[in-house]
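Listed below, chain by chain, are the residues.
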Number of protein chains: 2
Amino acid sequence: MNGDTYPRTAANKVNRYKERANYDVDFIHNLINTTPVVHISFLADPSNPTPVILPMIGQIGTYEHDEEPHCYLHGYVSSRIMRLGSNAEAGLPISIAATKLDGLVLSLTPNSHSYNYRSAVLQGSATVVEDVNEKVWAMHLVTNGVVEQRWENTRTPPDNVEMQSTRILKVKIESASAKVREGGPGDDKKDTDRGDVVSKTWTGVVPVYERLGAPIASNYNKVGKIPGYLKSFVDTQNEGAQRQANEAAMKVYGAGKKKADD
Amino acid sequence: MNGDTYPRTAANKVNRYKERANYDVDFIHNLINTTPVVHISFLADPSNPTPVILPMIGQIGTYEHDEEPHCYLHGYVSSRIMRLGSNAEAGLPISIAATKLDGLVLSLTPNSHSYNYRSAVLQGSATVVEDVNEKVWAMHLVTNGVVEQRWENTRTPPDNVEMQSTRILKVKIESASAKVREGGPGDDKKDTDRGDVVSKTWTGVVPVYERLGAPIASNYNKVGKIPGYLKSFVDTQNEGAQRQANEAAMKVYGAGKKKADD
């Protein structure tokens with residue numbers, strides 16, 4: 001899939017700030033896979049136009065001989081979604097969003113304030129994973145998506161009761177797009193020309209990133225030392241997240257603008 | 001509104017993990033107001049069952065003589081939403097979600113892994129704010145919701161061009177609910193009884209919180225020192241976010257369980 005892009009369609013075409021649009025498959029999949037909580041939305045009832053919106057865990061992967069990657073969703077799969085996802089021949093129409101905030105962009109006027117961010121949206125159709133082997137594979141994918149190597153360091157495989165109580169949705173990705181904003185503030189000349197405004201208004205970026213704190217043992221934990229894989233995961237995540245937010249902040253806004261394509 | 005709760009209805013009733021449900025108005029509003037990116041979803045076209053999902057900035061407040069607080073949304077308001085929000089007599093049906101991840105909860109088995117989190121969902125109807133005074137008031141609310149006192153420390157008021165290009169949606173809140181999970185892992189007795197599993201599996205919580213980094217000045221910034229209000233905002237946010245994630249991690253899971261109210 002390296003270098004592949006999602007086709008631009010009416011459903012996913014970014015119409016504003018086109019230079020922020022990104023259709024790169026690897027970029028979009030990586031954003032979903034490194035965002036610990038995605039939001040999904042779907043219609044629970046065709047007669048009610050207010051969609052349901054829910055936080056869930058999402059991971060994209062390709063199962064065995066599948067021809068393409070799917071997005072696997074784990075979380076509270078209500079009997080409502082289950083019914084919709086099981087009944088619908090073609091699956092339940094669903095949207096999935098993953099957003100990472102990278103910085104608060106502070107400019108001379110409220111109007112030109114912004115965020116540095118990376119945001120991806122998928123549209124697709126969800127069905128319930130019934131195949132036992134695929135379900136275990138997806139549980140492994142989701143667990144290690146939260147903490148690398150966690151599956152291998154817990155009591156597995158899941159027993160029958162656990163298999164019954166776990167529900168995984170598999171989303172066929174029909175459309176996807178992303179948006180990225182990075183760099184410092186971009187004020188209009190009308191304000192940067194005003195010495196009185198520039199001399200008293202601090203402008204720049206406050207980087208924002210997700211931080212993992214020192215692990216806190218449970219009251220029944222018997223493992224004295226924090227395991228290496230966990231310590232290494234926490235350190236790597238923290239180093240990467242902070243670096244990414246700082247790098248985004250230090251870019252010159254608009255310098256990497258792509259030409260609006262159409 | 002102190003102590004008030006949202007009514008439980010078919011639309012917002014939490015059916016699973018009832019003990020995690022929270023209908024407290026202050027709690028829900030505070031969660032929306034302290035979450036820098038909310039996700040919204042709505043139907044763009046009644047004939048297309050796949051909802052649109054978008055990241056936006058949301059702040060709840062009560063304008064002047066309004067009888068109740070509304071959720072104001074700022075972000076890229078497409079001509080599509082604008083049309084839907086302007087045309088619909090009763091407003092555009094919309095859902096809004098705010099989620100804060102507080103920790104990765106690591107237990108003995110993948111099945112009982114969880115997150116500490118706080119999540120709120122609102123349902124309501126959105127209209128476009130046309131009144132100029134209310135629009136400026138909402139811009140002030142949203143700007144200071146991102147960084148306290150930022151409005152007072154930038155070039156204001158917005159000029160005519162800025163007023164024209166800024167669009168704010170006002171959502172009448174028709175229903176709302178929240179869910180909270182806190183505490184350490186909660187493994188089943190079948191696993192905590194197994195010495196072989198307990199002796200080799202680290203269990204506990206990795207606290208997660210949003211961190212604001214040291215502000216990075218723009219290439220046209222002329223204010224030598226980071227202003228006091230900004231430094232104080234960054235420090236207060238960081239201290240509070242870390243404390244909250246650690247406190248959630250150190251609670252005993254299930255100790256504060258409310259009785260499931262049916």
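Note that the coordinates shown come from a computational prediction; the quantities given were computed from them, not determined experimentally.

## Focus on the overall build of chain A
Check the secondary structure of chain A and you find 7 helices and 9 strands. Taking the principal axes of its C-alpha atoms as reference, chain A extends roughly 70 × 55 × 35 Å. Burial status across chain A gives 54% buried among its 262 residues. For chain A, the exposed surface amounts to about 12,000 Å²; the carbon and sulfur share of it is 49%.

## Focus: the relation of the copies chain B and chain A
Overlaying chain B with chain A gives an RMSD of 0.0 Å, the required rotation being 180° about an axis along which the chain moves by 0.0 Å. The two molecules are tied by a two-fold rotation axis, judged by turn and shift. Ranked by how close their C-alpha atoms come to the rotation axis, the residues of chain B are headed by B:Glu210, at 2.3 Å.

## Some points on helix α7 (residues 228–250) of chain B
Between its terminal C-alpha atoms α7(B) stretches 33 Å, which fits the 33 Å expected from 23 residues at 1.5 Å a residue. Where α7(B) is concerned, the buried positions are B:Tyr229, B:Leu230, B:Phe233, B:Val234, B:Asn238, B:Gly240, B:Ala245, B:Ala248 and B:Ala249.

## Things to note about the packing of aromatic side chains
All names here are of chain A. Summed over all chains, the structure comprises 4 aromatic pairs over all chains. For the ring pair Tyr72 and Trp137, a centre distance of 5.2 Å and an interplane angle of 70° mean the geometry is edge-to-face. Taken as a pair, Tyr72 in strand β4 (residues 70–74) and Trp137 in helix α3 (residues 132–146) lie far apart in primary sequence, 65 residues in all. According to the relative accessible area criterion, Tyr72 is buried, its value standing at 0%. Members of the aromatic cluster, joined through ring pairs, are Tyr63, Tyr72 and Trp137. Here the basic side chain of Arg181 rests over the ring of Tyr253, its NZ or CZ set 4.0 Å away from the ring centre.

## Observations regarding the interface of chain B and chain A
With 93 residues of chain B in contact, the opposing surface of chain A contributes 93 residues. When chain B packs against chain A, the two sides together hide about 7,500 Å² of surface, and 65% of this comes from carbon and sulfur. With a shortest N-O distance of 2.8 Å, B:Asp159 and A:Lys190 are connected by a salt bridge. Linking chain B to chain A there are 38 residue pairs in polar contact (both at pLDDT 80 or more). Among the residues making up the side of chain B that touches chain A, the classes are represented as 50 nonpolar, 28 polar and 15 charged. Both strand β9 (residues 216–217) of chain A and strand β8 (residues 204–212) of chain B contribute to a ladder of 2 bridges, which runs antiparallel. In the sheet register, A:Ala217 faces β8(B), and the bridge partner there is B:Gly204.

## Regarding helix α1 (residues 25–33) of chain B
One turn of an α-helix holds 3.6 residues; hence residues three or four places apart share an orientation. Residue and element names in this part refer to chain B. Residues Val25, Ile28, His29, Leu31 and Ile32 constitute the buried set of α1. Projected down its long axis, α1 shows its buried positions confined to an angular sector of 160°, all on one face. Two or three places before Asp26, at the start of α1, stands the capping residue Asp24, its side-chain oxygen 3.3 Å from that residue's backbone nitrogen.

## Notes on the side chain of A:Asp191
Looking at the element boundaries, A:Asp191 is found in helix α5 (residues 189–192). For A:Asp191, a relative accessible area of 2% translates into the label buried. When residues no more than four places from it in sequence are discounted, the contact partners of A:Asp191 are A:Leu108, A:Thr109, A:Val197, A:Val198, B:Arg155 and B:Glu162.

## Description of the pairing of strand β3 (residues 52–61) of chain B
Remark: a regular strand shows side chains that alternate across the two faces of the sheet. Residues and elements named next belong to chain B. Across the 10 residues of β3, 8 count as buried, placing the element largely inside the fold. Bridge count between strand β2 (residues 38–42) and β3: 5 bridges; the pairing is antiparallel. Its bridge partner being in β3, His39 is matched across the sheet by Pro55. Sheet analysis places β3 next to strand β4 (residues 70–74), joined by 5 bridges and oriented antiparallel. Residue pairing in the sheet places Gln59 in a bridge with Tyr72 of β4.

## Things to note about the confidence of the model for chain A
The predicted model of chain A averages 91 in pLDDT, with 92% of residues at 70 or higher. Here residues 256–262 of chain A is modelled with pLDDT under 50, and outside its nearest four sequence neighbours on either side it reaches 6 contacts, counting other chains as well.

## Some details on unusual backbone geometry
Residue and element names in this part refer to chain A. Along the chain, Thr156 connects to Pro157 via a cis peptide bond; the corresponding omega equals -5°. Residue Glu64 is not a glycine yet carries a positive backbone phi of 35°. Along the chain, Glu64 turns up in the loop between β3 (52–61) and β4.

## Section: the environment of A:Ile173
Residue and element names in this part refer to chain A. With respect to the helices, strands and loops of the structure, Ile173 is situated in strand β7 (residues 168–181). For Ile173, a relative accessible area of 9% translates into the label buried. In this structure, the C-alpha to C-alpha distance between Ile173 and Glu68, residues 105 residues apart in sequence, is 8.9 Å. Ignoring anything within four residues of it in the chain, the contact list for Ile173 reads Tyr6, His29, Ile60, Glu68, Pro69, His70, Cys71, Leu122 and Gln123.

## Focus on the environment of A:Leu31
Residue and element names in this part refer to chain A. Inspection of the secondary structure puts Leu31 in helix α1 (residues 25–33). Given the relative accessible area of 2%, Leu31 is considered buried. For Leu31 and Lys172, which are 141 residues apart along the polypeptide, the C-alpha to C-alpha distance reads 17 Å. Setting aside residues up to four positions removed in sequence, Leu31 forms contacts with Ala98, Lys100, Arg118, Ser119 and Ala120.

## Side note on the side chain of B:Asn221
Mapping B:Asn221 onto the fold places it in the loop between β9 (216–217) and α7. B:Asn221 gets classed as buried once you look at its relative accessible area, which sits at 17%. For B:Asn221, the side chain forms a polar contact with the main-chain nitrogen of A:Thr203, separated by 3.1 Å. Excluding residues that lie within four positions of it along the chain, B:Asn221 makes contacts with A:Thr201, A:Trp202 and A:Thr203.

Criteria and cut-off values
- Residues numbered from 1 in each chain as written.
- Chains lettered and ligands numbered in written order.
- Predicted model: local features only at pLDDT ≥ 70, side-chain atom pairs only at ≥ 80, totals over all residues.
- Heavy atoms only, no water.
- Helix = DSSP H or I, 4+ residues; strand = E, 2+ residues; numbered from the N terminus.
- Buried < 20%, exposed > 50% of the residue type's maximum accessible area, 1.4 Å probe, protein only.
- Areas by Shrake-Rupley, 256 points an atom, 1.4 Å probe, with all protein chains shown as cover.
- Least-squares fit on C-alpha atoms with pLDDT ≥ 70 in both.
- Expected span 1.5 Å × (residues − 1).
- Phe/Tyr/Trp six-rings, centres within 6.5 Å; stacked < 30°, edge-to-face > 60°.
- Lys NZ or Arg CZ within 6 Å of the ring centre and 35° of its normal.
- Contact = heavy atoms within 4.5 Å.
- Buried area = accessible area lost by both parts, 1.4 Å probe.
- Salt bridge = Lys/Arg side-chain N within 4 Å of Asp/Glu carboxyl O.
- Polar contact = N/O pair within 3.5 Å; in protein donor to acceptor, adjacent residues only side chain to side chain.
- Nonpolar A, V, L, I, M, F, W, Y, C, P; charged D, E, K, R; others polar.
- Pairing = 2+ DSSP bridges.
- Arc of directions from axis to C-beta.
- pLDDT = per-residue confidence, 0-100.

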